[in-house]
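# Remarks on the overall topology
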Amino acid sequence: MKKLFAAAEVLSQYGFADFANYESRSIFMNQYFSIVCGYVYDQVKGDPENGIAPGTEFKDLPNSWVCPVCGSPKSDFEKVKVPICSYGNYEVSCHQAQA
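None of the values given here were measured: they were computed from a predicted structure. (Residues numbered from 1 in each chain as written. Predicted model: local features only at pLDDT ≥ 70, side-chain atom pairs only at ≥ 80, totals over all residues. Heavy atoms only, no water.)

## Some remarks on the packing of aromatic side chains
Rule in force here: Each pair of aromatic rings taken from Phe, Tyr and Trp, with Trp reduced to its six-membered ring, is defined by centres within 6.5 Å and is described as stacked if the planes are under 30 degrees apart, edge-to-face if over 60, and tilted in the remaining cases. Throughout this description, buried means an accessible area under 20% of the type-specific maximum (1.4 Å probe, protein chains only), exposed means over 50%, and partly exposed covers the range between. Put simply, DSSP H or I for four residues or longer makes a helix, DSSP E for two residues or longer makes a strand, and each gets a number counted from the N terminus.
Going through the model one piece at a time under the given rule, you end up with 6 aromatic pairs. With a centroid separation of 6.2 Å and 85° between ring planes, the pair formed by Phe58 and Trp65 is classed as edge-to-face. On the basis of relative accessible area, Trp65 is assigned to the buried category, the value being 4%. Taking the centre distance of 5.5 Å and the plane angle of 40° together, the rings of Phe58 and Phe77 count as tilted. Of the two residues, Phe58 is situated in the loop between β2 (40-41) and β3 (77-88) and Phe77 in strand β3; the sequence distance between them amounts to 19 residues.

Written out as structure tokens, the structure is:
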């Protein structure tokens, strides 16, 4: 299957364009995204419409779980470290990750 989405594309949804420097100045939350459609699984929200409670980590999803957007299996998801807080000279800016 052709990989249609990459981590850089997902990070750009959160407003992070400086991929070379963001890792050394940020606090992260791991999220998983579908390489087929770009859907981001948010463990804070879960997937209640499909029986997945809020707070369920991706690794704890049942093997039968599929992407609610495109129907892709868990094997078509990749981990991305989403920066939620970045810091610089006396400055901290936090970003709420949203799926």
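Read on for the rest.
## Focus on the nonpolar core
Generally speaking, a soluble globular protein has its nonpolar side chains buried in company with each other. To keep things clear, this is the line we draw: Take the buried Ala, Val, Leu, Ile, Met, Phe, Trp, Tyr and Cys residues and link them wherever side-chain atoms come within 4.5 Å; each set so joined is a nonpolar core. By definition in these notes, contact holds between two residues if any of their heavy atoms fall within 4.5 Å.
The biggest cluster of nonpolar side chains holds 8 residues, and these are Tyr39, Tyr41, Ile52, Phe58, Leu61, Trp65, Cys67 and Phe77. Trp65 has contacts with Tyr39, Tyr41, Asp47, Ile52, Phe58, Pro73, Lys74 and Phe77, leaving out every residue within four places of it along the chain. Listed in part, the 5 residues of the second largest apolar core include Ile35, Val40, Val80 and Val82.

## Section: the confidence of the model for the protein
Quick reminder of the rule: Values of pLDDT, which run from 0 to 100, indicate the predictor's confidence residue by residue.
A residue-level look at the protein finds 56% of positions with pLDDT of 70 or above and a mean pLDDT of 74. Highest mean pLDDT in the protein belongs to β2 (91); lowest belongs to strand β4 (residues 91-94) (48). In the predicted structure, residues 89-93 sits below a pLDDT of 50 and forms 6 contacts with residues beyond four places in sequence or in another chain. Predicted confidence is poor over residues 95-99, with pLDDT under 50, and the contacts of this stretch with residues over four places away or in other chains come to 15 contacts.

## Some remarks on the environment of Cys67
Counting through the fold element by element, Cys67 comes out in the loop between β2 and β3. For Cys67, a relative accessible area of 3% puts it in the buried group. For Cys67 and Cys37, which are 30 residues apart along the polypeptide, the C-alpha to C-alpha distance reads 8.9 Å. Excluding its chain neighbours within four sequence positions, the residues that come into contact with Cys67 are Ser34, Cys37, Tyr39, Ser72 and Phe77.

## Considerations on the state of the cysteines
Rules: Cysteine sulfur atoms are paired as a disulfide whenever they fall within 2.5 Å.
The final tally for this structure, using the stated rule, is 0 disulfides. With no disulfide of its own, Cys37 has Cys70 as its nearest cysteine by sulfur position, at a separation of 3.6 Å. Note on Cys37: relative accessible area 25%, which makes it partly exposed.

## Quick look at the pattern of salt bridges
So the rule is basically this: The rule for a salt bridge is simple: a side-chain nitrogen of Lys or Arg has to be within 4 Å of a carboxyl oxygen of Asp or Glu.
Under the definition given, this model contains 1 salt bridge. Between Asp60 and Lys59 there is a salt bridge whose closest N-O contact spans 3.4 Å. We classify Lys59 as exposed; its relative accessible area is 60%.

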